[in-house]
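If you want the building blocks of each chain, they are given just below.
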Amino acid sequence: MGVDSSPSPAWNDNFTSNITRGLYLSTSPSDTSYWLSPSGNIAFGFYKLPCSVQHSSSSNCDRYVVGIWFVKSALKTLVWTANRNHLPLPKPSSILFTNQGKLVLQVTQDNKEEPLIPDLQEPISYAKIHDNGNFVLYGSNSQIIWESFDYPTNTILGGQKLKAGVDLVSRVSDMFNPGSGEYKLSIRQTDGLVAVHKFSDDGTYTHVVSKGFKGSIMNPVTLNLDKNTGNLFLVSSDDVVLGKLYEDTTQQPTQEEQKGMNKVFIYRATLDSKGDFNLFKERIDGNVSATNDKSFNLVPLWSSSHDKWTIGDYILFWLPCSASACFAGAICYLWWDRKKKSIIGNWKSSQGDLELGK
């Protein structure tokens, strides 16, 4: 297909090395399908979508997206997707890092070849998937020429900012279809109002996530998720906090303790397919036995829908089921006890009743 390189498979996922020209990824079983961050907790590459009832045949289950996900997490949480409105990718597909400094996506079935990241200003010297979930492309002087943190899809991660003019857009389906959905979350730069809009509406918002600031503000206004505390603040360009969506008021760990925690947990704020903006703390190292508490692997911290889904000390959250958890196409519900800081009750499908209890 005229690719101008002779790539070799990334057999040795050297966690501390950069991604260099000549490497490639492929959905072929004999090749490497993703690159790992230094810790090995986060992956960039071909993410295989779960098989739903609508895609039950073996051939239709081979559906992929190019994305970033928590590869060791029990949920295999997908947090970023490339070219999300041109999905899914069939098998076989490949990503080639050519000797000319381009990342090229090849889809053999359609005989297509196109840039994975279009409109780059200069060739890529090397790339890296960092432990914070940021996929970064570097130029000839090791300067950043592109990074996924500047182009979020439905999620921001700890250490990331939702910048002015950038929206979070929900998915069609939280589990089966990561294409652009019905809702978007945006920041109004005139007063810092954060709201969720439905694309079918005429500019009106479905609900306010954070009220506008009264008085003059310095633009641009960003939504910042702190990597150490999970604090979700609205901040002006002169570092004035305009609004606090979530603030952790508990005693903070020492700096040394925090370094260890950052290798184990990550904060993420996600706009789900129902239009709710949820903040979680998720364990990403795959070590369930370290706490002997499975509920501690995913801790709900805050949701824009708490006013709708709160009963006393209990808050309702929903997540896409894993294939092993319940039938395909279902949504798993969990009740979070705010006082005990633990999950109670069973996972309940979207076709069953929601109830408290063990």
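Scroll up a little and you will see the structure.
What you see is a predicted model, and the numbers here were worked out from it, not measured in a lab.

### Looking at the side chain of Asn278
Right, so step 1: Note on placement: Asn278 falls in strand E24 (residues 277–283).
Right, so step 2: Separated by 3.1 Å, the side chains of Asn278 and Asp272 make a polar contact.

### What about the pattern of salt bridges?
Right, so step 1: Applying the stated criterion across every chain yields a total of nine salt bridges.
Right, so step 2: As a salt-bridge pair, Lys112 and Glu114 come within 4.0 Å of each other at their nearest N and O atoms.
Right, so step 3: For Glu114, a relative accessible area of 29% gives the class partly exposed.
Right, so step 4: For the salt bridge of Asp285 with Arg283, the shortest nitrogen-to-oxygen distance reads 2.7 Å.
Right, so step 5: What makes Arg283 buried here is its relative accessible area of 7%.

### Overview of the pairing of strand E22 (residues 241–246)
Right, so step 1: Where strand E21 (residues 232–235) lies against E22, four bridges are found, and the strand directions are antiparallel. Across the sheet, the residue bridging to Leu232 is Tyr246, located in E22.
Right, so step 2: The loop that links E21 with its antiparallel partner E22 comprises five residues; one of these, Asp239, has a positive phi angle of about 65°.

### Things to note about the sheet that holds strand E25 (residues 298–303)
Right, so step 1: Spatial ordering of the open sheet is given by E14-E23-E24-E25, a layout of four strands whose pairing is antiparallel. The open sheet has two edge strands, strand E14 (155–157) and E25, and neither has a second partner. Direction aside, the axes of adjacent strands within the sheet are offset by 25° on average.

### Comments concerning the packing of aromatic side chains
The description of an aromatic ring pair uses the distance of the two centres, along with the angle that the planes make with each other.
Right, so step 1: Taken as a whole and judged by the stated rule, the model has ten aromatic pairs.
Right, so step 2: Pairing Tyr34 with Trp69 gives two aromatic rings, centres 5.5 Å apart and planes at 80°, and the pair type is edge-to-face. Here Tyr34 is found in strand E4 (residues 34–36), whereas its partner Trp69 is found in strand E6 (residues 64–70), with 35 residues between them in sequence.
Right, so step 3: Considering the side-chain rings of Trp80 and Trp146, the 5.9 Å spacing of their centres and the 70° angle between planes classify their relative orientation as edge-to-face. Of this pair, Trp80 sits in strand E7 (residues 78–81) while Trp146 sits in strand E13 (residues 144–147), and the two are 66 residues apart along the sequence.
Right, so step 4: Overall, the relative accessible area of 9% leaves Trp146 in the buried class.
Right, so step 5: In textbook terms, an aromatic cluster arises when at least three aromatic residues are bridged by ring pairs, as seen for Trp35, Phe44, Trp80, Phe135, Trp146 and Tyr151.
Right, so step 6: The lysine or arginine in question, Lys281, covers the ring of Phe265, its NZ or CZ lying 4.7 Å from the ring centre.

### Here's the deal with the nonpolar core
When a protein is soluble and globular, its nonpolar side chains tend to lie buried together.
Right, so step 1: Counting 32 residues, the largest nonpolar core has Phe44, Val66, Leu116 and Phe135 as the members making the most contacts within it.
Right, so step 2: Listed by contribution, the elements that provide at least two residues to this core are strand E3 (23–26), strand E5 (42–48), E6, E7, strand E8 (93–97), strand E9 (103–107), strand E11 (126–129) and strand E12 (135–138).
Right, so step 3: The element best represented in this core is E6, accounting for four residues.

### Remarks on the environment of Leu103
Right, so step 1: Note on placement: Leu103 falls in strand E9.
Right, so step 2: A relative accessible area of 5% means that Leu103 is categorised as buried.
Right, so step 3: Leave out the neighbours within four places in its chain, and Leu103 touches Ile95, Leu96, Phe97, Glu114, Pro115, Leu116, Ile117, Ile124, Phe135 and Leu137.

The rules behind these values
Residues numbered from 1 in each chain as written. Predicted model: local features only at pLDDT ≥ 70, side-chain atom pairs only at ≥ 80, totals over all residues. Heavy atoms only, no water. Helix = DSSP H or I, 4+ residues; strand = E, 2+ residues; numbered from the N terminus. Polar contact = N/O pair within 3.5 Å; in protein donor to acceptor, adjacent residues only side chain to side chain. Salt bridge = Lys/Arg side-chain N within 4 Å of Asp/Glu carboxyl O. Buried < 20%, exposed > 50% of the residue type's maximum accessible area, 1.4 Å probe, protein only. Pairing = 2+ DSSP bridges. Axes fitted to C-alpha atoms, helices over the stretch in contact; angles between N-to-C directions. Phe/Tyr/Trp six-rings, centres within 6.5 Å; stacked < 30°, edge-to-face > 60°. Lys NZ or Arg CZ within 6 Å of the ring centre and 35° of its normal. Core = buried A, V, L, I, M, F, W, Y, C linked by side-chain atoms within 4.5 Å. Contact = heavy atoms within 4.5 Å.

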